[in-house]
Amino acid sequence: MAVRASLGCFPSDPALHASCAMPWGVAVTPFSAVDERGSPPATGDEGHLLPRCQSCFAYFSLLCPLDRWSWTCTVCGAENEMPADAAARYARDGTHDPPEMRSAFVDLLLQGEEGEEAAAAAPTPVYVAAIDLSSSEEFLELVKSALQAALEALSPGSLFGLLTFSSKIGLYDVQGPIPIVKNVFIPPDSDGALPIDLEDIMPLCSFLAPIDTCKDRITEALETIKPISSWDIAANAAEGQDHVLHHTRGFGVALDVLVKYLGSEYGNSFELARIFAFLSGPPNYGAGKLDTSEEQNDGKAGNADHILYQDQTNFYKNLATSAVQAGVCVDLFAITNEYTDLTSLKVLSVESGGSLFLYSSTDESTLPQDIYKMLSRPYAFGCVMRLRTSSQFKIADSYGHFFPDPQYMHVQHINCCDSFATYSYDFEFEKDSQFSRKSSPPILQIAFKYTVLVHNGDTSNASNSDSRSKYTLERRLRVRTIQYNSTANIWDLYDFVDPDVVLTILVHQVILSSLSDVLETRLWLQDWLVAVVAQYNKAYKNVTSGGGTGMYDIEVNFSHCSQLQPLSRFVFAVLLSPLLQVNSEHIHPDYVTYLQCLFSALEPASLRQAIWPTLISYSSPDVEAEVHQSLSRTVFTSESPIFLLDAYKDLLVYYSPTASSEIPFPPPRDCESSIIPFFHSSCTSLSHYPTNVHPNNEMMLAGLLRSTIDRLKQERNITPKLMLIHGARDDTTEFEKYLVEDQTLDGSWLSSSTGFSSFLDEVRSKVAEHGI
């Protein structure tokens, strides 16, 4: 569990917090295997014995004052009786102390918490692919490749189901000698119901096939899937199905009945169920259909071009609630350049703990790599998270892909959580409260309860029933209790600012605010930076003698505080990002929604990479020259011939027009030597990848530049798109668009400024106008 605070030293009172102008909060990555310093938790098997405060229900921790028969809650200060069994545990000699007496970060097994209901549940993960048939051959070939990658990544003992949708829903039974599909038509006026339940069409036990024994037949079934054709339409019309139209997608109905199918309605209970939904266009049939016509889009925006598109329907919000209640996680993969209204669909993934992916074309899609990565990394499910604070301050807002508990404040449900998923919190003081020398220090406690599937042995040669028996469920509890320092000195706040966490909270606030009004959000963000610069200059002049008062004496580069120096660039980049562009003909509205979902789940270092890319120059493919702080066209005057720009979801290798012809382009590497264990665009099967390639050997083969690219691809939770550009013969637009310091900022009071330097001049002018 990694926890990073925007202010490493907390402000002592509300006035100081207001004067520093910094957001005050934390970014939490609960399923990270280590904390932010790389230290793992103390582990144990007696989580059910961990004492809890009778007043605030916080957990006992190493920071709690303890005597023989009582302990004091470090969060609320209440005194609690110590149970006899706990007193005996904590009275040991120190050599065999329980985990909570060794560390303030613990990960404990909860024995027997789930009771008979969980004991009866199959400790088996369930995965269902829902495939859009109103699509092209290229779309289906890509989806088939992705599902082949998924089958390689899924653990033995998993169950897999295959469903297709168009104007009808198809269920596949792959457990017999020949795959069988059974279809049911979706009534055009359906409110989400079908003429017959899916359980009556095919029992769930027939639909969900064990991967151990049915992988080959699942592959055979995938090969039989074809897109809806004009022949199908004519045949259906001849049978009286006049409502069947080309490119009809009954996505809403299909997902609705599938969630109910996987739920407990028929007596089946699975600890984890994930739906992979593949869309090639907007849902346009039955319940949940969306109007993506130009007239509808114009009507939603109206004359206010600073308003982003809004949700068309509550259908998917209600469906997300049903998915959370059923323990189903929805991962949505949209492979299309057609407007699909992801604004209305995103809630399915965001609230169920899933992911949303958007690919503009099948040719450049990294779908197989992304789904393999997603399923290969560890993840927890059935998660519940609660953050508690000491009495002087409280949570003002929380952000991330979770479902808020309808009953308890600040309790979040997360159906599926991997080691990258991050959630952010913004703090504020309780009324009339502050931190003083006489009061207790600021305390933060995060409790994260989750379930993992534990592999108990090799299942490769086991029968289906034996295979599943080698898996057990573990319900675990992670508790992290952190004590912070407080200060009454504004420079202590500035010196311990974490700019990445500041950016994370700002981006969350920008995304939330922009859903109502983008123009107001742009103005708010600009005004925030003006306030920060003004307060910084005021604080600096207070600690120095003299000092001018003219506008050119205003320091906008934060040269006296290294922790604040990135903030101006971050704000400039966010203002230029698609997040705050409205109805631009160059920016697809679905792409904005995709970025909102991506950015709102990234941990701080990754988000910083996506907002302000890293630019590294190389004197040769084997020799790194310099890491550039600036993103401007001054790089074109550099003597280095090669540049690597890392923008998180994009990797660009740029060769200068003057690069020697002796430097090979592109950087050489054989596909067979790749260390990345999933599909490359030039490889069509996982069998193309050898199992005996060692990363160190690959690095020697590829050189520093190539090995860096491969390492970045492997470390990311998504597969970055690699672009190779030679300045002498290729279009350099894609590279130059990331050189943001030379771009024009099109805003209200910055409409005339060009480039980052002019932007800072405008900020300086605004600060001077306020008399700072």
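Per chain, residues are indexed from 1 in the order of the written sequence. Under the rules for a predicted model, residues below a pLDDT of 70 receive no local features and side-chain atom pairs below 80 are neither given nor counted, while totals for whole chains, interfaces and linings still include all residues. To get the side-chain values, take all heavy atoms of the structure and skip hydrogens and water.

The name recorded for the chain in an unreviewed UniProt entry is Sec23/sec24 transport family protein, from Urochloa decumbens.

A. Structural context of the sheet that holds strand 24 (residues 614–620). Spatially, five strands are ordered 25-24-26-27-28 in an open sheet, and the strand pairing comes out mixed. Each edge of the open sheet carries a strand with a single partner, namely strand 25 (623–628) and strand 28 (721–726). Between one strand axis and the next, the sheet turns by 20 degrees as a mean value, whatever way the strands run. Where strand 26 (residues 642–646) meets strand 27 (residues 650–655), five bridges bridge the pair, whose relative direction is antiparallel. What sits directly across from I642, in strand 27, is Y655. Criterion used throughout: strands pair if DSSP finds at least two bridges between them. Per the convention used, a helix needs a DSSP run of H or I reaching at least four residues, while a strand needs a run of E reaching at least two, with both numbered from the N terminus. As a rule, the C-alpha atoms of each element are fitted with a line to give its axis, helices using only the stretch in contact, and angles between N-to-C directions run from 0 to 180 degrees.

B. Region of the structure containing the packing of aromatic side chains. A pair of aromatic rings is counted whenever rings of Phe, Tyr or Trp (Trp by its six-membered ring) have centres within 6.5 Å, and the orientation is called stacked for planes under 30 degrees apart, edge-to-face for over 60 and tilted otherwise. Within the structure shown, the criterion is met by 37 aromatic pairs. Judged by centre distance (5.8 Å) and plane angle (80 degrees), the ring pair of F10 and F393 falls under edge-to-face. Of this pair, F10 sits in strand 2 (residues 9–11) while F393 sits in strand 17 (residues 393–399), and the two are 383 residues apart along the sequence. One exposure class covers both F10 and F393, and it is buried. Ring centres 5.3 Å apart and planes at 25 degrees place the aromatic pair F448 and Y450 in the stacked group. Exposure class is identical for F448 and Y450. Each is buried. Here the basic side chain of R274 rests over the ring of Y379, its NZ or CZ set 5.1 Å away from the ring centre. In this structure, R480 packs its charged tip against the face of F105, placed 5.5 Å from the ring centre. Working definition: with a 1.4 Å probe on protein chains only, accessible area under 20% of the residue-type maximum means buried, over 50% means exposed, and in between means partly exposed. Geometrically, a lysine NZ or arginine CZ counts as sitting over a ring once it is within 6 Å of the ring centre and also within 35 degrees of the ring normal.

C. Examining helix 9 (residues 251–262) more closely. To estimate the expected span of a helix, count its residues, drop one, and scale the result by 1.5 Å. Taking 1.5 Å as the rise per residue, helix 9 with twelve residues should run 16 Å; its terminal C-alpha atoms sit 16 Å apart, in good agreement. Counting buried residues along helix 9, eleven of its twelve residues qualify, which places the element largely inside the surrounding structure. For helix 9, the complete set of buried residues consists of F251, G252, V253, A254, L255, D256, V257, L258, V259, Y261 and L262.

D. Geometry of the side chain of H17. Of note, H17 is situated in helix 1 (residues 14–20). For H17, a relative accessible area of 19% gives the class buried. Contact partners of H17, with chain neighbours within four places excluded, come to P11, M22, W24, F427 and F429. Here a residue-residue contact requires only that any non-hydrogen atoms of the pair lie within 4.5 Å.

E. Broad picture of the pairing of strand 11 (residues 180–185). Note that strand 10 (residues 168–173) and strand 11 share six bridges and pair antiparallel. Pairing of Y172 across the sheet is with V181, part of strand 11. Where strand 10 folds back on strand 11, the antiparallel hairpin that results is connected by six residues.

F. Main features of helix 18 (residues 567–576). With nine of its ten residues buried, helix 18 lies for the most part within the structure. Among all positions of helix 18, only L567, S568, F570, V571, F572, A573, V574, L575 and L576 are buried. Lining the buried residues of helix 18 we find helix 16 (499–514), helix 17 (518–542), helix 20 (604–611) and helix 23 (755–769).

G. Representation of empty space enclosed by the protein. Definitions used throughout: a 1 Å grid over protein atoms alone; a cavity as a set of points that fits a 1.4 Å probe which cannot get out; a pocket as an open set with protein on both sides within 12 Å along at least five of seven lines; a lining residue as one with an atom within 4 Å of a point. Grid points are joined across faces, edges and corners, and a volume is the space filled by probe spheres set on the points. Tallied over the entire structure, the rule returns two cavities of 30 Å³ or more. Volume-wise, the largest cavity comes out at about 410 Å³. Considering the residues around the largest cavity, the lining is formed by 30 residues, among which G354, S355, D418, A601 and N717 are closest to the centre. Mapped by element, the contributors of at least two residues to the lining of the largest cavity are strand 15 (356–359), strand 19 (411–418) and helix 19 (589–599). Throughout this entry, Asp, Glu, Lys and Arg are counted as charged residues, while Ala, Val, Leu, Ile, Met, Phe, Trp, Tyr, Cys and Pro are counted as nonpolar. The remaining residues, Gly among them, count as polar. Class assignment of the residues belonging to the lining of the largest cavity gives a composition of 16 nonpolar, nine polar and five charged.

H. Spotlight on the environment of D370. Within the fold, D370 resides in helix 13 (residues 367–376). Along the chain, D370 and N717 lie 347 residues apart, while their C-alpha atoms are 7.6 Å from each other. Here D370 is in contact with F357, Y359, I718 and T719, once residues within four sequence places are set aside. Two N or O atoms form a polar contact when they lie within 3.5 Å of each other; inside protein one atom must be a possible hydrogen donor and the other a possible acceptor, and for residues adjacent in sequence the pair counts only when both atoms belong to side chains. There is a polar contact of 2.7 Å between the side chain of D370 and the backbone nitrogen of T719.

I. Just the pattern of salt bridges, in detail. The working definition used for a salt bridge is a side-chain nitrogen of Lys or Arg within 4 Å of a carboxyl oxygen of Asp or Glu. Taken as a whole and assessed by the stated rule, the structure comprises 28 salt bridges. Salt-bridge contacts for K317 lead to E351; the nearest nitrogen and oxygen are separated by 2.5 Å. With a gap of 34 residues between them, K317 in helix 11 (residues 315–326) and E351 in helix 12 (residues 342–352) connect regions that are remote in the sequence. Classification of E351 by relative accessible area gives buried; the value is 9%. A salt bridge links E769 to K766, with the shortest nitrogen-to-oxygen separation between them at 3.8 Å. You can see E769 and its partner K766 sitting in helix 23, three residues apart, about one turn around the helix. One salt-bridge network, in which partners are shared between bridges, spans R4, D498, D500 and R608.

J. Layout of the layout of surface pockets. In this structure, the largest pocket spans a volume of roughly 1,400 Å³. Of all the elements in the fold, those that place two or more residues in the lining of the largest pocket are strand 15, helix 18, helix 19 and helix 20. With four residues, helix 19 is the largest single contributor of residues to the lining of the largest pocket. Its residues assigned to classes, the lining of the largest pocket shows 21 nonpolar, 14 polar and nine charged.

K. Quick peek at the packing of helix 17 against helix 23. Direction vectors running N to C along helix 17 and helix 23 enclose 65 degrees, while the axes themselves pass 9 Å from each other. If you check the angle between helix 17 and helix 23, you find them roughly perpendicular. The element helix 17 and its partner helix 23 pack so that their crossing is right-handed. For the pair formed by helix 17 and helix 23, the contact residues are L529, V530, V533 and A534 on the first element and F759, V763, K766 and V767 on the second. Of the residues belonging to the contact of helix 17 with helix 23, the class tally is seven nonpolar, no polar and one charged. Here roughly perpendicular refers to angles of 65 to 115 degrees, roughly parallel to angles under 35, roughly antiparallel to angles over 145, and oblique to all remaining angles. By definition, turning the near helix anticlockwise from the far helix through less than a right angle yields a left-handed crossing, and turning it clockwise yields a right-handed one.

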